[in-house]
Amino acid sequence: MPPEVPPRRMNTFTYPPNYSFPRHRFRTVLRDSTKQPIVLVACGSFSPVTYLHLRMFEMAKDYVRQHTDFEIVGAYLSPVSDKYKKPGLLNAHHRDQTSSWLMVDAWEAFQNYQRTAVVLDHFDYEINQVLGGVHTQDGEHRDVRVMLLAGSDLISTMSEPGVWSHTDLEHILGRYGTFIIERAGSAVDQAIDSLARWRHNIFLVPQLIQNDVSSTKVRLFLRRGLSVRYLLPSAVVDYIEENRLYLEDGPGSEKGKEKEIGTG
């Protein structure tokens, strides 16, 4: 039997000036009343956003439709805070602009560094407390389940002792759950074995067409004056060129480079 779902944590959230939670593409009415409504949240640098970031949502959507009893009512990118101090991390203003065609929540980007568990609590609060969740076509209220969307490198770090606190793992994987996109060259079976307590809430999504484009590789191309067109959406390429971004990645960007993963 799956472990008991941890209770909703009550948090007091602080907000940047003029902040409003994006809801323009959030569906408030379920199409199928037999489904459980979910929202996908991808946390990361997105510096810059690539086609693989976007494909993650499409792959998860296909998996949800074909293999689960969920219905996606919203999907969000949540860029990390400027204070994360990661090499190559642009100011949140630029990262938000380069993702402007998606539903992007800027709350995390303008905070002090926030743990992933707190970010998911923020989405849960905004969607279920402020917006009031969703309704079926017959008017029945339903709470929305927030779920983390990430690459297999994330689940690998979750299985490493000391990287994530057990409390946060219990909250992220026990209360919310996650969709993990399998990436080329990554072995997730051993990581999943280490997280067996929450296996029922971990959904592995196969990447049927391999794509190893990363923001790190894109920044390297840009610093070398190489084209990144068709690696990124055209609007992102145009914005980068117009604002002359990523020409320098900052001191120490190639030496002692941090992993491109969230840490609990």
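Since the model is a prediction, treat every value here as computed from it, not as a measurement. (Residues numbered from 1 in each chain as written. Predicted model: local features only at pLDDT ≥ 70, side-chain atom pairs only at ≥ 80, totals over all residues. Heavy atoms only, no water.)

Q: Just checking my understanding: could you explain the overall build of the protein chain for this structure?
A: Looking only at helices and strands, the protein chain has 8 helices and 7 strands in total. Per-residue burial over the protein chain gives 51% buried out of 264 residues. Considering only contacts in the protein chain between residues 6 or more positions apart, those separated by 24 or more positions represent 80%. Put simply, the protein chain shows about 13,300 Å² of open surface, and 50% of that area lies on carbon and sulfur atoms. (Helix = DSSP H or I, 4+ residues; strand = E, 2+ residues; numbered from the N terminus. Buried < 20%, exposed > 50% of the residue type's maximum accessible area, 1.4 Å probe, protein only. Contact = heavy atoms within 4.5 Å. Areas by Shrake-Rupley, 256 points an atom, 1.4 Å probe, with all protein chains shown as cover.)

Q: Would you explain the confidence of the model for the protein chain in this entry?
A: Close inspection of predicted coordinates is inappropriate for parts of the model with low pLDDT. For the protein chain, per-residue confidence averages 82 on the pLDDT scale, and residues scoring 70 or more make up 80% of the total. Ranking the helices and strands of the protein chain by mean pLDDT puts strand β3 (residues 134-135) first, with 98, and helix α2 (residues 92-97) last, with 45. Across residues 83-90 the pLDDT falls below 50, and counting only partners more than four positions away or on other chains, this stretch makes 33 contacts in the model. Between residues 92-101, whose pLDDT stays under 50, and residues either more than four places distant or in other chains, the model counts 30 contacts. (pLDDT = per-residue confidence, 0-100.)

Q: Any chance you could explain the sheet that holds strand β7 (residues 202-205) here in plain terms?
A: For sheets, the rule is that strands pair by backbone hydrogen bonds, running either parallel or antiparallel. Taken in spatial order, the 5 strands of this open sheet run β2-β1-β5-β6-β7, and their pairing is parallel. With one partner strand each, in any of the chains shown, β2 (70-79) and β7 form the two edges of the open sheet. Sheet twist, expressed as the mean angle between neighbouring strand axes with direction ignored, is 25°. Judged from the 4 bridges that link them, strand β1 (residues 36-44) and strand β5 (residues 145-151) form a sheet pairing that is parallel. (Pairing = 2+ DSSP bridges. Axes fitted to C-alpha atoms, helices over the stretch in contact; angles between N-to-C directions.)

Q: Explanation requested: the packing of aromatic side chains in the structure shown.
A: Centre distance and the angle of the planes are the two values used to describe a pair of aromatic rings. By the definition in use, this model includes 10 aromatic pairs. Between Tyr63 and Phe179 the ring centres are 6.2 Å apart and the planes differ by 75°, which places this aromatic pair in the edge-to-face class. Of this pair, Tyr63 sits in helix α1 (residues 51-67) while Phe179 sits in strand β6 (residues 178-181), placing them 116 residues apart in sequence. Ring pairs connect the aromatic residues Tyr63, Phe70, Phe179 and Phe203, which therefore count as one cluster. (Phe/Tyr/Trp six-rings, centres within 6.5 Å; stacked < 30°, edge-to-face > 60°.)

Q: I keep staring at the pairing of β6 and nothing clicks. Help me out?
A: In β6, alternate side chains face the same way, and those of Thr178 and Ile180 on one face and Phe179 and Ile181 on the other are all buried. Relative to β6, β5 runs parallel, the two being bridged by 4 bridges. In the strand pairing of β6, Leu149 is matched with Phe179.

Q: Help me understand the pattern of salt bridges, please; the structure alone is not making it clear to me.
A: Two side chains of opposite charge can pair, provided their charged atoms sit close to one another. For the structure shown, the criterion picks out 10 salt bridges. Measuring nitrogen to oxygen at the nearest pair gives 3.8 Å for the salt bridge that ties Arg175 to Asp124. Placement of the pair is Arg175 in helix α5 (residues 166-176) and Asp124 in helix α3 (residues 116-130), with a sequence separation of 51 residues. Like Asp124, Arg175 is buried. Of the charged contacts in the structure, one is a salt bridge between Asp212 and Lys217, with a shortest N-O distance of 3.3 Å. (Salt bridge = Lys/Arg side-chain N within 4 Å of Asp/Glu carboxyl O.)

Q: Help me out: how do you make sense of the layout of surface pockets in this one?
A: Unfilled space is identified by rolling a water-sized probe across the atoms. Reported here for the second largest pocket is a volume of approximately 690 Å³. When contributions to the lining of the second largest pocket are tallied by element, the ones reaching two or more residues are α1 and β2. Grouping the constituent residues of the lining of the second largest pocket by class yields 13 nonpolar, 1 polar and 9 charged. (1 Å grid on protein atoms, 1.4 Å probe; cavity = no way out; pocket = protein on both sides within 12 Å on 5 of 7 lines; lining within 4 Å. Points joined across faces, edges and corners; volume = space filled by probe spheres on them. Nonpolar A, V, L, I, M, F, W, Y, C, P; charged D, E, K, R; others polar.)

Q: Help me understand the environment of Leu149 in this model?
A: Position of Leu149 relative to the elements: it lies in strand β5. Exposure remark for Leu149: the relative accessible area of 1% places this residue in the buried category. Excluding residues within four positions of it along the chain, Leu149 makes contact with Val41, Ala42, Cys43, Met56, Phe57, Ala60, Phe179 and Ile181.

Q: I tried to follow the pairing of β2 on my own but got confused; where do I start?
A: Successive residues of a regular strand alternate their side chains across the two faces of the sheet. Counted residue by residue, β2 has 8 buried out of 10 residues, so it is predominantly covered. Handedness of the crossover joining β1 and β2 through α1 is recorded here as right-handed. (Right-handed = clockwise from strand over helix to strand, strands pointing away.)

Q: Explain helix α8 (residues 234-243) to me, please; I cannot follow it from the model alone.
A: An α-helical segment advances 3.6 residues per turn. Residues three or four places apart therefore align on the same side. Residues of α8 that are buried: Val236, Val237, Tyr239 and Ile240. Seen end-on, α8 carries its buried residues on one side only, within an arc spanning 165°. Facing away from the buried side of α8, by more than 90 degrees, are the exposed residues Glu241 and Glu242. Immediately downstream of α8, the backbone of Arg244 shows phi near 50°, a positive value. (Arc of directions from axis to C-beta.)

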